[in-house]
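Observations on chain architecture
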Amino acid sequence: MTISTHVLDTARGQPAAGVIVTLYALDGSQRTKVATAVTNVDGRTDAPLGTALDAGLYELVFSLGAYFERNGTAAFYDEVPIRFRAAEGGGRYHVPLLISPWSYSTYRGS
C-alpha cells in the first residue's frame, strides 16, 4: 500500500510549496513516525510518504504555520492532523489537503 498527498492553497489559487508533512502509523495509543517530506513547487511530495505499508490507522500531520508565515499571512491553523483508516493492504491512498488561512478540507483522492 502507498500513501501520498498534495497541498493546494485555495486562498492564493496555487500549490502550497514548502509544507512539512509527516506520516505516522497508529496502533492503540502508540504513534510511530513513518516518514517526513516537504512539498515541492507543485504542492506534492517528491515521492509517496509510505510504500509497502500494511493496512491500518494512519495520521498525516501538515505543518501549516510556517508556510503561512513565510507568505506573510496570519493563519488560524498551525498544524492539521488527518487520521484515516487504510483498509486495503495493497491499495493506493492519496490524501490531498486544500488550505486557506481560515479553513481546510480533505478527501480521498485517486
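See the structure shown above.
Description of the structure in this document.

Reading across from one edge, S5-S4-S6-S7 is the order of the four strands in this open sheet, with antiparallel pairing throughout. Each edge of the open sheet is held by one strand with a lone partner, namely strand S5 (30–38) and strand S7 (79–86). The average undirected angle you get between the axes of adjacent strands in this sheet is 20°. Pairing geometry for strand S4 (residues 20–27) and strand S6 (residues 56–63), over seven bridges, is antiparallel. Directly across from Val 21, in S6, lies its bridge partner Phe 62.

Looking now at the packing of aromatic side chains. Following the criterion strictly, the structure yields five aromatic pairs and no others. With a centroid separation of 5.1 Å and 70° between ring planes, the pair formed by Tyr 67 and Phe 68 is classed as edge-to-face. Each member of the pair, Tyr 67 together with Phe 68, is buried. Through successive ring pairs, a cluster of aromatic residues spans Tyr 58, Phe 84 and Tyr 93.

This part covers the pairing of S5. The pairing of S4 with S5 spans eight bridges and is classified as antiparallel. If you follow Thr 22 over to S5, its bridge partner there is Thr 36. Between the antiparallel neighbours S4 and S5 lie two residues, among them Gly 28 with a positive phi of about 65°.

Moving on: the side chain of His 94. Of note, His 94 is situated in strand S8 (residues 92–94). A relative accessible area of 5% places His 94 in the buried class. There is a polar contact of 2.7 Å between the side chain of His 94 and the side chain of His 6. Those residues within four positions of His 94 in sequence are excluded, and the remaining contacts are Ser 4, Thr 5, His 6, Arg 44, Tyr 107, Arg 108, Gly 109 and Ser 110.

Parameters and conventions
Residues numbered from 1 in each chain as written. Predicted model: local features only at pLDDT ≥ 70, side-chain atom pairs only at ≥ 80, totals over all residues. Heavy atoms only, no water. Pairing = 2+ DSSP bridges. Helix = DSSP H or I, 4+ residues; strand = E, 2+ residues; numbered from the N terminus. Axes fitted to C-alpha atoms, helices over the stretch in contact; angles between N-to-C directions. Phe/Tyr/Trp six-rings, centres within 6.5 Å; stacked < 30°, edge-to-face > 60°. Buried < 20%, exposed > 50% of the residue type's maximum accessible area, 1.4 Å probe, protein only. Polar contact = N/O pair within 3.5 Å; in protein donor to acceptor, adjacent residues only side chain to side chain. Contact = heavy atoms within 4.5 Å.

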